[in-house]
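Structural features, examined
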Amino acid sequence: MTNKPILVAYASHAGSTEEVAEAIATALQEHGAGVDVCPVQDVTTLAPYRAVLVGSAIHGAKWLPEATEFVKRHRTELEQLPLIYFLVCATLREDTAEHHREVLAYLDPVRVILEPLEIGLFAGRLDASRLPFLERMLVKAMKSEEGDWRDWEAIHDWAGGVWEHLEHGEGEAVA
Ligand SMILES: Cc1cc2nc3c(=O)[nH]c(=O)nc-3n(C[C@H](O)[C@H](O)[C@H](O)COP(=O)(O)O)c2cc1C
């Protein structure tokens, strides 16, 4: 076991992924872990960390570009660390097997760069009033359903599983 902290790095446009990242950090802290939560673009080095969780909101069936960029930029360091991915999206507001398969594929571009130890797939929040003008117009034009579908218990439990995996090599890949 190491005393180094865990990094939860996230990319978020309207705040829901940031709040999911914070909830994951809180759950890890409940197990005694030191955790830093940080936007991906603010991370300069991974040297202080024992493990890295990277998560992003989904736009256009992909992670936000800055999250993918983070994995590319830190690829060499990430190859040496336990790495976990998560995503936050609207499709999983209905958690069907088909939607699960669909959103898992959102991670294909980043899984080609590096394969993670575990994956978390979470329903998020779509609230047009929190979006920048162009995205708000897009959401309105597409008549997208708005709501907050985050399942805090599921997020908490998933983070507990990640902790078990990191500590004892136990737990199973959620995807
Ligand atoms: C412009 C735009 C595109 C989106 N594209 C997708 C998508 O392709 N698939 C999906 O499941 N959700 C999509 N969403 C929903 C977001 O992933 C969801 O609202 C997420 O919780 C946003 O995270 P944030 O609040 O951290 O920005 C989209 C949202 C916006 C605003």
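Summary of the structure given here.

The rules we used
By convention here, each chain's residues receive numbers from 1 onward along its written sequence. Under the rules for a predicted model, residues below a pLDDT of 70 receive no local features and side-chain atom pairs below 80 are neither given nor counted, while totals for whole chains, interfaces and linings still include all residues. Hydrogens and water molecules were not included; the side-chain quantities draw on all heavy atoms of the structure. Only DSSP runs of H or I with at least four residues qualify as helices, and only runs of E with at least two residues qualify as strands; both kinds are numbered from the N terminus onward. Three exposure classes are used, based on accessible area relative to the maximum for each residue type with a 1.4 Å probe and protein chains only: buried under 20%, partly exposed in between, and exposed over 50%. Any N or O atom pair separated by 3.5 Å or less is treated as a polar contact, with the protein-specific requirement of one donor-capable and one acceptor-capable atom, and with residues adjacent in sequence counted only for side-chain atom pairs. The directions from the helix axis to the C-beta atoms are what the arc is built from. Contacts are assigned to residue pairs that have any heavy atoms within 4.5 Å of one another. Note: two strands are recorded as paired if DSSP finds a minimum of 2 bridges between them.

Concerning the environment of tryptophan 63
As for its placement among the helices and strands, tryptophan 63 is situated in strand 4 (residues 62–63). Note on tryptophan 63: relative accessible area 5%, which makes it buried. The spatial distance from the C-alpha of tryptophan 63 to the C-alpha of valine 112 is 13 Å, given a sequence separation of 49 residues. Here phenylalanine 86 takes part through its backbone oxygen, which lies 3.2 Å from a polar atom of the side chain of tryptophan 63.

Quick word on helix 2 (residues 65–73)
Along helix 2, the residues that are buried comprise Ala67, Thr68, Phe70 and Val71. The buried residues of helix 2 occupy one face: seen down the axis, they fall within an arc of 150°. Where helix 2 is buried, its residues meet strand 1 (6–11), strand 3 (51–59), strand 4, helix 3 (75–78), strand 5 (83–89) and helix 5 (108–113).

Structural notes on the pairing of strand 6 (residues 118–123)
For strand 6, a buried count of 6 out of 6 residues is recorded, marking the element as mostly surrounded by other parts of the structure. On strand 6, burial covers both faces: Glu118, Gly120 and Phe122 on one face and Ile119, Leu121 and Ala123 on the other are all buried. Two strands pair when backbone bridges link them, and strand 5 and strand 6 are joined in this way by 6 bridges, in the parallel orientation. Its bridge partner lying in strand 6, valine 88 is registered against phenylalanine 122.

Re unusual backbone geometry
The phi torsion at alanine 61 lies on the positive side, around 65°, for a residue other than glycine. One can find alanine 61 in the loop between strand 3 and strand 4. Given the relative accessible area of 40%, alanine 61 is considered partly exposed. Backbone geometry at lysine 143 places phi at a positive 50°, although glycine is not the residue there. Its place among the elements puts lysine 143 in the loop between helix 6 (133–141) and strand 8 (147–148).

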